[in-house]
Amino acid sequence: MTQPVHVPNESPEVKVMGEAQRGGLKYRLLIDAGYGPTTGIAQGIFYLYDSHTESRHRHQLAETVHVLDGSGKVTIEDREIALAVGDTVFIPAGHLHGFEAEGTLTMLFTFACDSFSDVEYDYGDAA
């Protein structure tokens, strides 16, 4: 039986995510099988600082992002969408996408899988 999991504020640690050509998107996992059974949810926070741009990529899992702080934009395939606090975006599996911060951009992300390590990022020629 799956048990509740409590994730204290500022725990677990913030990590740097390697990208194809640019460095340094940071993230902190909140709900992940590494911390206890999740029944198919992996969730965390992405941090983009100093007008950072996340390399365009795709993965075979759908993703949702919710803007917690800051502003920026997401490019999904050929569509560019401005992002502000409170906005939520659904990105279907397989769609090419990337994010750009205007200053800082902090987003809650969710994938329908047990662990963030199940998400295989494909930067291909798009990065």
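For the structure itself, consult the block above.
Because the structure is predicted, anything quoted here is derived from the model rather than measured.

Quick word on the pattern of salt bridges
Tallied over the entire structure, the rule returns three salt bridges. Note that Arg58 and Glu77 form a salt bridge whose closest N and O atoms lie 4.0 Å from each other. Of the two residues, Arg58 sits in the loop between strand E3 (42–48) and strand E4 (63–76) while Glu77 sits in the loop between E4 and strand E5 (79–83), which places them 19 residues apart along the sequence. Arg58 gets classed as partly exposed once you look at its relative accessible area, which sits at 28%. The class for Glu77 is partly exposed, based on a relative accessible area of 31%. Between Lys73 and Glu100 there is a salt bridge; the shortest N-O distance is 3.6 Å. Here Lys73, found in strand E4, pairs with Glu100, found in strand E7 (residues 97–111); they are 27 residues apart in sequence, far enough to count as distant. Among the charged side chains, a salt-bridge network with shared partners connects Lys73, Glu80 and Glu100.

Section: the nonpolar core
Counting 25 residues, the largest nonpolar core has Phe46, Met107 and Phe116 as its most contacted members. Where this core is concerned, the elements lending two or more residues are strand E2 (25–31), E3, E4, strand E6 (88–91) and E7. The element contributing the most residues to this core is E7, with six residues. In this view, Phe46 contacts Met17, Leu25, Lys26, Tyr27, Glu63, Leu105, Thr106, Met107, Phe109, Phe116 and Tyr121; residues no more than four positions away in its chain are not counted.

Concerning the packing of aromatic side chains
All told, the structure shown has nine aromatic pairs when counted by the stated rule. When the ring of Tyr27 is compared with that of Phe116, the centres are 5.2 Å apart and the planes differ by 50°; the resulting orientation is tilted. Of this pair, Tyr27 sits in strand E2 while Phe116 is found in the segment after E7, placing the two residues 89 residues apart along the sequence. In this structure, Tyr27 and Phe116 share a single accessibility class: buried. Judged by centre distance (6.2 Å) and plane angle (0°), the rings of Tyr47 and Tyr49 are stacked.

Remarks on the side chain of Thr106
Looking at the secondary structure, you find Thr106 in strand E7. Thr106 has contacts with Ile45, Phe46, Tyr47, His66, Val67, Leu68 and Asp69, leaving out every residue within four places of it along the chain.

Brief notes about the environment of His95
Checked against the element boundaries, His95 lands in the loop between E6 and E7. For His95, a relative accessible area of 29% gives the class partly exposed. Considering only alpha carbons, one finds His95 and Met17, 78 residues apart in sequence, at a separation of 20 Å. Residue contacts for His95: discarding those within four places in its chain leaves His57, Arg58, Ile76 and Glu77.

Conventions adopted
- For every chain, the first residue of the written sequence is number 1, and numbering continues from 1 along that sequence.
- With pLDDT at 70 or above as the cut-off, local features in this predicted model cover only qualifying residues; side-chain atom pairs require 80 or more to be listed or tallied, and sums for whole chains, interfaces and linings still use all residues.
- Note that the side-chain values use all heavy atoms of the structure and ignore hydrogens as well as water.
- A carboxyl oxygen of Asp or Glu within 4 Å of a side-chain nitrogen of Lys or Arg is what we treat as a salt bridge.
- Helix numbers and strand numbers start at the N terminus; a helix is a DSSP run of H or I with at least 4 residues, a strand a run of E with at least 2.
- Throughout this description, buried means an accessible area under 20% of the type-specific maximum (1.4 Å probe, protein chains only), exposed means over 50%, and partly exposed covers the range between.
- Definition used in this section: a nonpolar core is a set of buried Ala, Val, Leu, Ile, Met, Phe, Trp, Tyr and Cys residues joined via side-chain atoms within 4.5 Å.
- Contacts: residue pairs with any heavy atoms within 4.5 Å of one another.
- Centres within 6.5 Å are what make two rings of Phe, Tyr or Trp a pair, Trp counting through its six-membered ring; a difference in plane orientation under 30 degrees is then read as stacked, over 60 as edge-to-face, and the rest as tilted.

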